[in-house]
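Next come the chains, spelled out residue by residue.
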Amino acid sequence: MSHLSFEDYSNVSQFYDSGGRAPKCADIIIKSITECCNLLDVGCGTGNYMVPLVKSGKVSAYTGIDASVEMLSQLTKKAQSVDPSVNIRTQCVDITKPLPFAENEFDSVIVNQVFHHITDISATPRDDQLKYTRMALDEIYRILKPGGVFCVNFSSHSQVAARWFCQLLYGDQMERVNVRIIDLEEMINLIKQSGFQITLNEISYEPLMGERYYAYEIFFNEANRRATSYWSLCTPEELENGLNKLRKKLENREEFDADVRLQMKKHGATHEVVCIKPVK
């Protein structure tokens, strides 16, 4: 696990899938990649994207890398249920270091909800906080074939701040959460600086946990909270206070639910950006 990560994925691995994390914008990725694709999934976790990508029939080889051996172990179990003709491999990799792959090796690379885990909040100025994301993007550019497709999914400051649990947990203390998050303009600039050409920049309004995001009562169970890393940033006192606030909100569930859905409609859940490495 990266020394920068604020979530203990060694422990979370046993809860992650039961928490309901959905493969965000998998349809966009499948539409964007080429046939017989040799694909790299950076920060693959338990392989939520591996399943729909392999089942699409467009992926001939899938490589999943993650800093957690335990998360990769869950992916290996899932791989037993997909097409055995697809070459599936995993590797434990810290993406704050050079990636262990050759230049122009992959047809496509995907990164989903990963970069906020490698922000160095101990550094200043902001450029130094984002140095590992900048390096990772440069490495992805290096290992992607000319004409290859790079897809990245992330959440902006406003999208994270609009999540109901962040509002209840952090309130006016959101800045210590936002410092970890790469905002939309920052991400676009970093992507362009690495040499990519952006072909799609789209907002997704589907929550990371799908409809379970609106099943508020399930979040009193720790296993369901662990599927979303932002819960792990709070102190025990903030967690207790946040859950008490949720209980109060649920006394008028209809009103609370309407406001949560309004915020989602206003801000969306994530951004999906699709890029290509230019052919020179």
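The coordinates are above.
All figures in this text were calculated on a predicted structure; none of them were measured in a lab.

Asker: Looking at this structure, I do not really get the overall build of the protein chain. What am I missing?
Answerer: Looking only at helices and strands, one finds 13 helices and seven strands in the protein chain. Here the protein chain has a C-alpha radius of gyration of 19 Å; the compact-globule value for 280 residues is 19 Å, and the two agree. Principal-axis analysis of the C-alpha atoms places the extent of the protein chain at approximately 55 × 45 × 35 Å. For the protein chain, buried positions account for 56% of its 280 residues. Taking all contacts inside the protein chain whose residues are at least 6 apart in sequence as the whole, residues at least 24 apart take part in 79%. Of the accessible surface of the protein chain, which amounts to about 12300 Å², a share of 50% is contributed by carbon and sulfur atoms.

Asker: Please clarify how the pairing of strand 4 (residues 106–112) should be interpreted in this entry.
Answerer: Remember that side chains alternate between the two faces of the sheet whenever the strand is regular. Counting buried residues in strand 4 gives seven out of seven residues, a clear majority hidden from the surface. Judged from the four bridges that link them, strand 1 (residues 37–42) and strand 4 form a sheet pairing that is parallel. Bridging across to strand 4, Val42 finds its partner in Val111.

Asker: Please clarify how the pattern of salt bridges should be interpreted in this entry.
Answerer: Oppositely charged side chains can form a pair if their charged atoms are brought close together. Scanning the entire structure with this criterion turns up eleven salt bridges. Between Glu222 and Arg226 there is a salt bridge whose closest N-O contact spans 3.0 Å. Of the residues examined, Arg226 reaches a relative accessible area of 14% and is grouped as buried. Ionic pairing is found between Asp257 and Arg261, a salt bridge with its closest N-O pair at 2.9 Å. Taken as a pair, Asp257 and Arg261 lie in helix 13 (residues 253–267) at a separation of four residues, close to a single helical turn.

Asker: What is the right way to read the sheet that holds strand 3 (residues 87–92) from this model?
Answerer: Sheets are built from strands paired through backbone hydrogen bonds, the pairs being either parallel or antiparallel. With mixed pairing, seven strands are arranged side by side in an open sheet as 3-2-1-4-5-7-6. Each end of this open sheet is capped by a strand with a single partner; those strands are strand 3 and strand 6 (197–204). Averaged over neighbouring strand pairs, the angle between their axes works out to 15 degrees when direction is ignored. Lying on the sheet, helix 4 (residues 69–79) is in contact with strand 2 (59–66) and strand 3; it crosses strand 3 at an angle near 170 degrees. Each of strand 1, strand 4 and strand 5 (144–154) is contacted by helix 6 (residues 131–143), which is oriented at about 145 degrees to strand 5, the strand it contacts most.

Asker: What should I look at first to understand the nonpolar core in this one?
Answerer: Note on soluble globular proteins: their nonpolar side chains tend to be buried together. Phe115 and Phe150 are the most contacted members of the largest nonpolar core, which totals 32 residues. Those elements that provide at least two residues to this core are strand 1, strand 4, helix 6, strand 5, helix 10 (184–193) and strand 7 (270–276). In terms of residue count, helix 6 provides more of this core than any other element does, six residues in total. Every residue in contact with Phe150, bar those within four places of it in the chain, is listed here: Val109, Val111, Leu137, Ile140, Leu144, Phe196, Val273, Val274 and Cys275. Of all hydrophobic cores here, the second largest spans 27 residues; its members include Leu168, Val177, Tyr214 and Val260.

Asker: Whenever I open this one, the pairing of strand 7 confuses me. Can you help?
Answerer: Most of strand 7 sits inside the fold, with six of its seven residues counted as buried. For strand 5 and strand 7, the ladder comprises six bridges, and the chain directions are antiparallel. For Val152, the partnering residue across the bridge sits in strand 7 and is Val273.

Calculation notes
- Residues numbered from 1 in each chain as written.
- Predicted model: local features only at pLDDT ≥ 70, side-chain atom pairs only at ≥ 80, totals over all residues.
- Heavy atoms only, no water.
- Helix = DSSP H or I, 4+ residues; strand = E, 2+ residues; numbered from the N terminus.
- Rg over C-alpha atoms; globule rule 2.2 N^0.38 Å.
- Buried < 20%, exposed > 50% of the residue type's maximum accessible area, 1.4 Å probe, protein only.
- Contact = heavy atoms within 4.5 Å.
- Areas by Shrake-Rupley, 256 points an atom, 1.4 Å probe, with all protein chains shown as cover.
- Pairing = 2+ DSSP bridges.
- Salt bridge = Lys/Arg side-chain N within 4 Å of Asp/Glu carboxyl O.
- Axes fitted to C-alpha atoms, helices over the stretch in contact; angles between N-to-C directions.
- Core = buried A, V, L, I, M, F, W, Y, C linked by side-chain atoms within 4.5 Å.

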